[in-house]
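Now for the letters of each chain:
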Amino acid sequence: MSAPLANDTIDPRTVEDAAALLRAGKLCAFPTETVYGLGADATNSDAVLAIYETKGRPRFNPLIVHCADREMAGSFAHFSPLAREVAELWPGPLTLVLPLRPNAGLSDIVTAGLDTVALRIPDHPLARELLRAVGRPLAAPSANPSGRLSPTTAQQVRSGFAGRVPVLDGGPCRDGVESTIVKIEGETVTQLRAGALARSEIEAAIGRKVANAQHDVAIAAPGMLPNHYAPRALVRLNAEAPRAGEAYLAFGTAPATGQPLRNLSPTRNLKEAARHLFAMLHDLDALGVGQIAVAPIPDTGLGEAINDRLRRAAAPR
Ligand code: TXA
Ligand code: MG
């Protein structure tokens, strides 16, 4: 007879099992098209507090509220005509920051006391089923300890939290980087975080420019601390080739190297590179290398989100 593992959590086998955990005020990690989320009932303050505790996340950093449909989203925020137009891009890897409807039932810990709320309708069949089964909004940050790489597989969630969090396994995530976050104020749309939906795609859909607040982050995305998304290894950017002792994360043609090597996309496809980014950084990190050198990545389309995450991974700690 084998002894039960320490810190062993039983993973839900079905969406219904996961929904029952969440309705009972427990945490459960679940897949989305971007990364795995660490979910809790967004109307239950104790459940939401457990997210902050489990991640070691600063309380002032608000969470994204995931909704089953537009009707649920509309009950928590005011949608201007422009906001409704942007929300036509849902379901998908896009988060909208909108004026909060006070007293609509969300725990104020979710919004960290702000008068805005970040909402998203994810485009992943299990996430959508889960939201419908729970019948309530789910607060869900990426399912990693604060400051570490976001998980794109259930196994990364388990190892990040040493098995202390149940995970609904939906296989590897389609997009691999977090959602794009935009704030809508009056007639302006401002990107707070580059993500899996390229800014150019949003601009094409709404027929107007999306401003970039990336370098003005103090205002609105407190989670965008410079050294978010750090692997254990140090990271060196824009490296055409690895130096002695460095692992290499290539993009396109990979140099011959006797050292650990991963290739984000041999064909230089940015979508593929985004999908592989965190998983390959996780992989190289798990080998225990001291430094990871990363090939230059073009800054167009999804390259904007990839380069944003890489700069954070390489920021001085
Ligand atoms: O793809 C994603 O967005 C994933 C999946 C699970 O949905 N979630 C995710 O959550 O990346 P998280 O907590 O790692 O990042 C949420 C970001 C944080 O930087 C937070 O500061 C910002 O959203 N945020 C949340 N509410 C906000 C608000 N009211 N105003 C401005 N920024 C907000
Ligand atoms: Mg995160």
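Given the structure is predicted, the values throughout are model-derived calculations rather than measurements. (Residues numbered from 1 in each chain as written. Chains lettered and ligands numbered in written order. Predicted model: local features only at pLDDT ≥ 70, side-chain atom pairs only at ≥ 80, totals over all residues. Heavy atoms only, no water.)

1. Concerning the packing of helix α8 (residues 270-286) against helix α9 (residues 303-314)
Note the threshold: Every axis corresponds to a line fitted to the C-alpha atoms, with the helix fit spanning only the stretch in contact, and the corresponding angles, defined between N-to-C directions, vary from 0 to 180 degrees. A run of DSSP states H or I qualifies as a helix once it reaches four residues; a run of E qualifies as a strand once it reaches two. Both are numbered from the N-terminal end. Oblique is the label for any angle not covered by the other classes, which are roughly parallel (under 35 degrees), roughly antiparallel (over 145) and roughly perpendicular (65 to 115). For any helix crossing, the convention is left-handed if the near helix is rotated counterclockwise from the far helix by under a right angle, and right-handed if that rotation is clockwise. Every residue pair with non-hydrogen atoms within 4.5 Å of one another is taken to be in contact.
Closest axis-to-axis distance for the α8/α9 pair is 9 Å, and the angle between their directions is 20°. When the axes of α8 and α9 are compared, the pair comes out roughly parallel. Crossing of α8 against α9: the hand is left-handed. Residues Leu270, Ala273, Ala274, Leu277, Phe278 and Leu281 of α8 form the contact with α9, whose participating residues are Gly303, Ile306, Arg309 and Leu310.

2. Brief notes about the sheet that holds strand β13 (residues 291-294)
What counts is decided by this rule: Strand pairing is assigned whenever DSSP detects at least two bridges linking the two strands.
Read across the open sheet, the four strands follow the order β10-β13-β11-β12; overall the sheet is parallel. Across the chains shown, the open sheet's two edge strands, defined by having one partner strand only, are β10 (234-236) and β12 (261-263). Between one strand and the next, the sheet's axes are offset by a mean angle of 20°, whatever the strand orientation.

3. As for the side chain of glutamate 304
In plain terms, the rule: Polar contact criterion, stated in full: a pair of N or O atoms within 3.5 Å, where within protein one must be able to donate a hydrogen and the other to accept it, and residues adjacent in sequence count only if both atoms are side-chain atoms.
Along the polypeptide, glutamate 304 turns up in helix α9. A polar side-chain atom of glutamate 304 sits 3.1 Å from a polar atom in the side chain of glutamine 191.

4. What to know about the domain arrangement of the protein chain
What counts, and what does not: Note: domain ranges come from an automatic or database domain assignment. Accessible area that two parts lose when put together, evaluated with a 1.4 Å probe and summed over both, is termed the buried area. Salt bridges are counted wherever a side-chain nitrogen of Lys or Arg sits within 4 Å of a carboxyl oxygen of Asp or Glu.
According to the domain assignment, the protein chain consists of domain 1 (15-212) and domain 2 (234-314). Look at where the C-alpha atoms of domain 1 and domain 2 centre, and you get two points 27 Å apart. The interface is formed by 22 residues belonging to domain 1 together with twelve residues belonging to domain 2. Between domain 1 and domain 2, roughly 1,400 Å² of surface is buried when both sides are summed, and carbon and sulfur atoms account for 56% of that area. Looking at the side of domain 1 facing domain 2, the largest losses of area belong to Leu149, Val177 and Ala194, adding up to 37% of the total buried there. In this structure, the connection of domain 1 to domain 2 is made through two salt bridges. Among the ionic pairs, arginine 309 bridges to glutamate 178, the shortest N-O distance being 2.9 Å. Counting across the domain 1 and domain 2 interface gives eight residue pairs in polar contact (both at pLDDT 80 or more).

5. Quick notes on the nonpolar core
Counted only if it meets this: For this analysis, a nonpolar core means a set of buried residues of the types Ala, Val, Leu, Ile, Met, Phe, Trp, Tyr and Cys, connected via side-chain atoms within 4.5 Å. Buried means the residue's accessible area, taken with a 1.4 Å probe over protein chains only, is under 20% of the maximum for its type, while exposed means over 50%, and partly exposed covers the values in between.
Judged by nonpolar contacts, the single largest core of 61 residues is most densely connected at Phe79, Val86, Trp90, Leu96, Leu119 and Leu130. If sequence neighbours within four positions are ignored, leucine 119 has contacts with Ile64, Val65, Cys67, Ala73, Phe76, Ala77, Phe79, Trp90, Leu94, Thr95, Leu96 and Leu98. Among the nonpolar cores identified, the runner-up in size contains 35 residues, and Ala194, Tyr248, Ile297 and Leu302 belong to it.

6. A closer look at helix α2 (residues 45-55)
Note the threshold: When we speak of the arc, we mean the arc of directions from the helix axis to the C-beta atoms.
Within the sequence span of α2, burial applies to Ala47, Val48, Ile51, Tyr52 and Lys55. All buried residues of α2 project into a common sector of 150° when viewed along the axis, lining one side. In α2, the exposed residues that point more than 90 degrees away from the buried face are Asp46 and Glu53. Structurally, α2 contributes buried residues whose contacts are with β2 (37-41) and β6 (138-139). Measuring from the side-chain oxygen of the N-cap residue of α2 to the backbone nitrogen of aspartate 46 gives 3.0 Å; that N-cap residue is asparagine 44.

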